[in-house]
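What follows is the residue order along each chain.
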Amino acid sequence: MQQVLGIIFHFIGGVASGSFYVPYKKVKGWSWETFWLTGGLFSWLIVPPIAAWITVPGFSTIIAEASFDTLFWTFFWGMLWGIGGLMYGLGMRYLGMSLGNSVLLGFTSAFGALAPPIYYDIANVPGKTTFTELISTNWGIVILIGVLLCLLGIYICGKAGYMKENELPEEKKKESVKEFNLKKGLVICILSGILSAGFNYGIEAGAPMADVANEAWKTANPSETINFLYKNNVIYIVLLWGGLTINLVWCLILAVRNKSLGDYTNRKTPLVRNYFFCALAGTTWFLQYYFYGMGESKLGNGSSSWILHMAFIILVANLWGFALKEWNGVSKKTRNTIIFGIFMIILAVVVVGYGNSLHK
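Every value quoted in this text rests on a predicted model; they were computed, and no experiment measured them.

1. Regarding the overall build of the protein
So, step 1. If you tally the helices and strands in the protein, you get 15 helices and 0 strands.
So, step 2. Classification of the 360 residues of the protein by burial places 55% in the buried group.
So, step 3. On the protein, roughly 16100 Å² of surface is accessible, and the fraction owed to carbon and sulfur atoms is 67%.

Structure below.
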């Protein structure tokens, strides 16, 4: 039953993540940096402490008493993830939700599965799964097969993008994705996918804070035998400060360069509507990790939870991509190619998850 609940929570988180960018499409008259930062303030600064205040008693004391190393590395991985998250927004501008999310999250899944074992091999970290162990065990081989399937799926999705670019005239491509640019979008999404895996590393780095919250909850509820459902909410505050720092600096640089600082008070735009949809997008974005933490408390952290989360996001984001007509007007061959690429990525994350379950 705990595993079923974990899967359900990850699915809800995937729906939130795969859907959060949709409200931004309702924002009118604002530059990208304006609505991205406005929504981000809700995602990274306003909503996380509210969620922690509601769910984690004494969360501020837990943060204040955490070691410097815990705070530093949680914040550091948050900054790297922040660069990836910043590029995510750019990737959606240039590729759309369907192709953009497939490429970006495919790389996030693959890199998130491979980078830690390679590092643990080089650094000789005891008690951690190394790349040597992956290539010398049955469960490790299954995981590596999943990663290869993921990279193959990304290649197929990229091929579908090239086919779309060659088939449609410029004005048709930009009916659904106004700034469609395949080459620029692919580079950005690949880099974003690699850096976005930093969020999972940040959760690992902040685990001591979650452990304190978990033990305090168990002490207050001695009859409970399961983990605290909301223990990760205290980690998100510090982790998202790192993401906020990167996005704030970059968006302000763009605002000065593009002379868009006036957007926030420009009465020629629907200000109330714009702020509402940015708040909705930002809050929906945070809900992905709110429910990710709940799913992780049931299934455990690491690749299994992360891969499952990625799979649901890819699925939901692509459903939105088709609903928003991003692949309208292409040939049946091109449409089938993107569908097959999406299927390969989802199959890959399932295979990786299965490999991890064999290990456990």
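Next comes the rest of the description.
2. Section: helix 11 (residues 207-220)
So, step 1. Taking 1.5 Å of rise per residue, 14 residues should cover 20 Å, and helix 11 covers 20 Å from first to last C-alpha, within 8% of that figure.
So, step 2. The set of residues buried in helix 11 consists of Met209, Ala210, Ala213, Asn214 and Trp217. Take helix 11 and look down its axis: the buried residues cluster within an arc of 135°, on one side only.
So, step 3. As for helix 11, its buried residues are in contact with helix 3 (59-64), helix 4 (68-95) and helix 12 (233-258).

3. Looking at the side chain of Asn233
So, step 1. Within the secondary structure, Asn233 sits in helix 12.
So, step 2. A polar atom in the side chain of Asn233 sits 2.9 Å from the side chain of Thr55.
So, step 3. With sequence-adjacent residues up to four places away left out, Asn233 is seen in contact with Ala51, Ala52, Thr55, Val56 and Tyr290.

4. So, the nonpolar core
Burial of nonpolar side chains together is a common tendency in soluble globular proteins.
So, step 1. Counting 81 residues, the largest nonpolar core has Tyr21, Trp32, Phe35, Trp36, Phe199 and Trp285 as the members making the most contacts within it.
So, step 2. Per-element accounting of this core gives the leading share, 11 residues, to helix 13 (residues 271-299).
So, step 3. Trp32 has contacts with Tyr21, Leu86, Gly89, Leu90, Arg93, Cys251 and Leu254, leaving out every residue within four places of it along the chain.
So, step 4. The next biggest cluster of nonpolar side chains, apart from the first, holds 6 residues, and it includes Trp139, Leu144, Val147 and Val352.

5. Things to note about unusual backbone geometry
So, step 1. A positive phi is found at Lys259, a non-glycine position, where the angle reads about 55°.
So, step 2. Within the secondary structure, Lys259 sits in the loop between helix 12 and helix 13.
So, step 3. The exposure class of Lys259 is exposed, given its relative accessible area of 78%.

Criteria and cut-off values
Think of each chain on its own: its residues are numbered from 1, step by step along the sequence as written. Note on the predicted model: pLDDT of at least 70 is required for a residue's local features to be given, and 80 or more for side-chain atom pairs to be given and counted; whole-chain, interface and lining totals, by contrast, use all residues. As a convention, hydrogens and water are excluded, and side-chain values are obtained from all of the structure's heavy atoms. Only DSSP runs of H or I covering at least 4 residues are called helices, and only runs of E covering at least 2 are called strands; the numbering of each starts at the N terminus. The buried label goes to any residue with under 20% of its type's maximum accessible area, the exposed label to any with over 50%, and the partly exposed label to all in between, with areas taken from a 1.4 Å probe on protein chains only. Accessible surface area values rest on a Shrake-Rupley calculation with a 1.4 Å probe, where residue burial reflects the displayed protein chains alone. Given a helix with a known number of residues, its expected span is that number minus one, times 1.5 Å. Read the arc as the range of directions from the helix axis to the C-beta atoms. Residue contacts follow a heavy-atom distance rule, with two residues in contact if any of their heavy atoms lie within 4.5 Å. N or O atoms closer than or at 3.5 Å make up a polar contact, with two conditions inside protein: a donor-capable atom paired with an acceptor-capable one, and, for residues adjacent in sequence, both atoms drawn from side chains. Each nonpolar core is a collection of buried residues, namely Ala, Val, Leu, Ile, Met, Phe, Trp, Tyr and Cys, held together in the definition by side-chain atoms within 4.5 Å.

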